Amino acid sequence: MAGVTMLNWDFRKFLREQAERQWNFRGVTPLADKALGVVGLGSIGRLLLGARRARG
């Protein structure tokens, strides 16, 4: 879930701006009411589907 949040925030850009001491305001789109696709049913995929951890 942290990875999804980091992608939504464009975290690499955030860290780059922080290193350059630029504090630009950026609105972040909420993840509520978004669809999440799970590719594969490895241990993480099964946890997401079984425990419904991605449900907002």
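Residues numbered from 1 in each chain as written. Predicted model: local features only at pLDDT ≥ 70, side-chain atom pairs only at ≥ 80, totals over all residues. Heavy atoms only, no water.

## Some thoughts on the pattern of salt bridges
Charged atoms that come close allow side chains of opposite charge to pair.
Part 1 of the argument: Scanning the model with the defined rule gives one salt bridge in all.
Part 2 of the argument: Arg26 is paired through a salt bridge with Glu17; the nearest N and O atoms lie 3.8 Å apart. (Salt bridge = Lys/Arg side-chain N within 4 Å of Asp/Glu carboxyl O.)

## Some points on the side chain of Glu17
Part 1 of the argument: Along the polypeptide, Glu17 turns up in helix α2 (residues 11-19).
Part 2 of the argument: Polar contacts involving the side chain of Glu17 include one to the side chain of Asn24, which spans 3.5 Å.
Part 3 of the argument: If we ignore the near neighbours within four places in the chain, the residues touching Glu17 are Gln22, Asn24 and Arg26. (Helix = DSSP H or I, 4+ residues; strand = E, 2+ residues; numbered from the N terminus. Polar contact = N/O pair within 3.5 Å; in protein donor to acceptor, adjacent residues only side chain to side chain. Contact = heavy atoms within 4.5 Å.)

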